Amino acid sequence: MRRAAEVWPFRPTVRYARTLAEALRAETIGGIVMLAATVAALIWANVSYESYAALRDTKIGPAALHLDLELVKWAQNGLLTIFFFVAGLEVKEEFVHGELSNLRKAALPIIAAIAGMIVPAVIFLLVSWGAPDAGRGWAIPTATDIAFALAVLAVTASAMPAALRAFLLTSAVVDDLGAISIIAIFYTENLDLIMLAVGVVLICLYGFLQYKRVKGVWIYLPLAVLAWYFVEVSGVHATVAGVALGLLTRVWADDSEERSPSESADHYIRPLSAGFAVPVFAFLSAGVQLNSSSLSGIFSDRVVLGVVAGLVLGKFLGVFGGAWLSVRLGLARLSEELHWRDMAAVSLLAGIGFTVSLLIGGLAYGHDPQRADAVTTGILAASLIASVLAAVLLNLRVRNRRRALDDV
């Protein structure tokens, strides 16, 4: 009895931890956790903005290593690196095993994703033209939040064909790759080439060890942390290191392996990303005061209006228009399971910017807290509008499909 009593408290802890981790791998749970963190941030910021801002701006880390950063910066540069590492794994999987491995199949989501980045940027620039510092934010509406978008699709339209989810996932993966490229190219200001070179060497070493089938998490973890550090202090946004490491992770399993390093990494790191990294980032980034002044700014501040128009209207026109044009020109083919009304609904879903849009907004307007908060409000409003509109259309499509099946 004594042995059972001693062991009992430990076993449920392990079992519940595994159950929680498995739940966080599901798209719906990850989206709910992120939404809860966002709501918590908004409540705290509107009850006591001073205490919320004090927490967000608290500095921690060793100054000698140039890592004495505010908590919000740790979330942007550190925790989101985990998110982008998982995104890198997804991109690699898509290129090797998924839709992107077949050029004919990949053409539709790739063209849609590229158009879905260009059109929102153009609309943002047109709407915000002449506003102070407007040019810095052109990339904010180019991003789609893959976690939120897939969560909304899973909740509202799980009965839709798998081809629709594949299109959204693939286009969002291409979108993430484009977003990280934009961050690396356009939001790098002070570049230390020596530190960057060391970071690149470490990333290449990671890839070489993967190629040579070297095994051991305690080899790769310190290497990844060092690569992150040198990229971070070089001036390039550290999330670039996360994507690069994800892309270099091996996706083929050897005969002696139950699953590939990419699958193993995704299995263990995705719960950390969905259950901690992204929610903490959302909590530290989404806390803005919602009052008559900030809400009216959505319609009076042309930069904020450009963000909303870019995400809601631009993403729809870009993704849907790019997909339609690619099929019309014979460059791609629409799955026989899908209708253009399905594509219209999922194109609205692409307007959920959130995570990456918040990151780019912070990089663009971090020097101007008032503008940054206004842009955050616009991103939240646009993501909410896109979610609701897409959910309504998807729900209608599900009902119409069921009615059509019943009539057969």
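As a further point, take the overall build of the protein. Scanning the protein from N- to C-terminus turns up 17 helices and two strands. For 408 residues, the compact-globule formula gives about 22 Å, and the C-alpha radius of gyration of the protein, at 22 Å, lands near that figure. As displayed, the protein has an accessible area near 19,600 Å², and 66% of this comes from carbon and sulfur atoms. Charged side chains of the protein number 31 positive and 32 negative; the gap between the two group centres comes to 5 Å.

With that out of the way, let us pick up a nonpolar patch on the surface. Nonpolar side chains collect at one region of the surface, where L384, V388, V392, L393 and L396 lie side by side and expose about 420 Å² of accessible area between them. Checked against the element boundaries, L393 lands in helix α17 (residues 369-407).

Attention now goes to the confidence of the model for the protein. On average, residues of the protein carry a pLDDT of 86, and 92% of them reach 70 or more. With pLDDT under 50 throughout, residues 1-10 is counted as low confidence; its partners more than four residues away or in other chains account for zero contacts.

What follows is about the nonpolar core. Among the nonpolar cores identified, the biggest contains 92 residues, and F84, L164, M343, L349 and Y365 are the most heavily contacted of them. Not counting chain neighbours up to four residues away, the residues in contact with Y365 comprise F124, D133, A134, R136, G137, I140, V303, R371, A372 and V375. Y206, L209, Y229 and L245 belong to the second largest nonpolar core, which has 20 residues in total.

Attention now moves to the packing of aromatic side chains. With the rule as written, the count across this model stands at 12 aromatic pairs. With a centroid separation of 6.4 Å and an interplanar angle of 40°, the aromatic rings of Y49 and Y52 are classed as tilted. Taken together, the residues span about one helical turn, with Y49 and Y52 both in helix α4 (residues 49-56) at a distance of three residues. On the accessibility criterion, Y49 (15% relative accessible area) is buried. Judged by relative accessible area, which is 0%, Y52 ranks as buried. Relative to F230, the ring of Y229 lies with its centre 5.2 Å away and its plane at 75°, an arrangement referred to as edge-to-face. Within the aromatic cluster, the residues linked to one another by ring pairs are W44, Y49, Y52 and F283. Cation over ring: R371 sits above Y365, and NZ or CZ is 5.7 Å from the ring centre.

To continue, consider unusual backbone geometry. A positive phi is found at H66, a non-glycine position, where the angle reads about 60°. The topology assignment puts H66 in the loop between β1 (59-60) and β2 (69-70). Positive phi is not limited to glycine here, since D133 has a value of about 60°. Looking at the secondary structure, you find D133 in the loop between α6 (103-128) and α7 (146-156). Overall, the relative accessible area of 39% leaves D133 in the partly exposed class.

The next point concerns the pattern of salt bridges. All told, the structure shown has 10 salt bridges when counted by the stated rule. Between D57 and R56 there is a salt bridge, with its nearest N and O atoms 3.3 Å apart. The exposure class assigned to R56 is buried, which follows from its relative accessible area of 15%. As a salt-bridge pair, R270 and E90 come within 2.8 Å of each other at their nearest N and O atoms. Placement of R270 in helix α12 (residues 261-285) and of E90 in helix α5 (residues 71-96) is noted, with a sequence separation of 180 residues between them. Each member of the salt-bridge network shares a partner with another, and the members are R213, K215, R250, D254 and E257.

Position of T38 among the secondary structure elements: in helix α3 (residues 27-47). Discounting residues that sit within four places of it in the chain, T38 has contacts with A282, A286, F354 and L380.

To continue, consider the packing of α6 against helix α8 (residues 162-186). Between two packed helices, both the angle of their axes relative to each other and the distance between the axes serve to describe the pair. Contact pair α6 / α8: the axes reach a minimum separation of 8 Å and the direction vectors enclose 45°. Judged by the angle between their axes, α6 and α8 are oblique. Crossing geometry of α6 relative to α8 is assigned as right-handed. Contacts between α6 and α8 involve L108, P109, I110, A112, A113 and M117 from the first element and F167, T170, S171, V174, D175, G178, A179 and I182 from the second.

Running from N to C, helix α9 (residues 193-211) and helix α10 (residues 217-234) cross one another at 155°; their axes reach a closest spacing of 7 Å. Between α9 and α10, the interaxial angle falls into the category roughly antiparallel. Along this stretch, α9 crosses α10, giving a crossing that reads as left-handed. Taken together, the residues of α10 that come into contact with α9 (itself represented by M195, L196, V198, G199, L202, I203, L205, Y206, L209 and Q210) are I219, Y220, L223, L226, A227, F230, V231, V233 and S234. Looking at side-chain class alone, the contact of α9 with α10 contains 16 nonpolar, three polar and no charged residues.

It is worth spelling out helix α14 (residues 302-328) at this point. The largest bend along α14 reaches roughly 40° and is located at G314. By the N-cap criterion, in which a side-chain oxygen at the helix start approaches the backbone nitrogen of a residue two or three places on, α14 is capped by D301, the distance to V303 being 2.9 Å. After α14 finishes, the residue G330 shows a positive phi value of roughly 80°.

Rules used throughout
Residues numbered from 1 in each chain as written. Predicted model: local features only at pLDDT ≥ 70, side-chain atom pairs only at ≥ 80, totals over all residues. Heavy atoms only, no water. Helix = DSSP H or I, 4+ residues; strand = E, 2+ residues; numbered from the N terminus. Rg over C-alpha atoms; globule rule 2.2 N^0.38 Å. Areas by Shrake-Rupley, 256 points an atom, 1.4 Å probe, with all protein chains shown as cover. Lys, Arg positive; Asp, Glu negative; His and termini not counted. Charge placed at Lys NZ, Arg CZ, Asp CG, Glu CD. Patch = residues over 30% accessible without salt bridge, like charges linked within 9 Å, V, L, I, M, F, W, Y side chains within 5 Å. Salt bridge = Lys/Arg side-chain N within 4 Å of Asp/Glu carboxyl O. pLDDT = per-residue confidence, 0-100. Contact = heavy atoms within 4.5 Å. Core = buried A, V, L, I, M, F, W, Y, C linked by side-chain atoms within 4.5 Å. Buried < 20%, exposed > 50% of the residue type's maximum accessible area, 1.4 Å probe, protein only. Phe/Tyr/Trp six-rings, centres within 6.5 Å; stacked < 30°, edge-to-face > 60°. Lys NZ or Arg CZ within 6 Å of the ring centre and 35° of its normal. Axes fitted to C-alpha atoms, helices over the stretch in contact; angles between N-to-C directions. Parallel < 35°, antiparallel > 145°, perpendicular 65-115°, else oblique. Left-handed = near helix turned anticlockwise from the far one by under 90°. Nonpolar A, V, L, I, M, F, W, Y, C, P; charged D, E, K, R; others polar. Bend = angle between axes of the 7 residues up to and from the residue. Polar contact = N/O pair within 3.5 Å; in protein donor to acceptor, adjacent residues only side chain to side chain.

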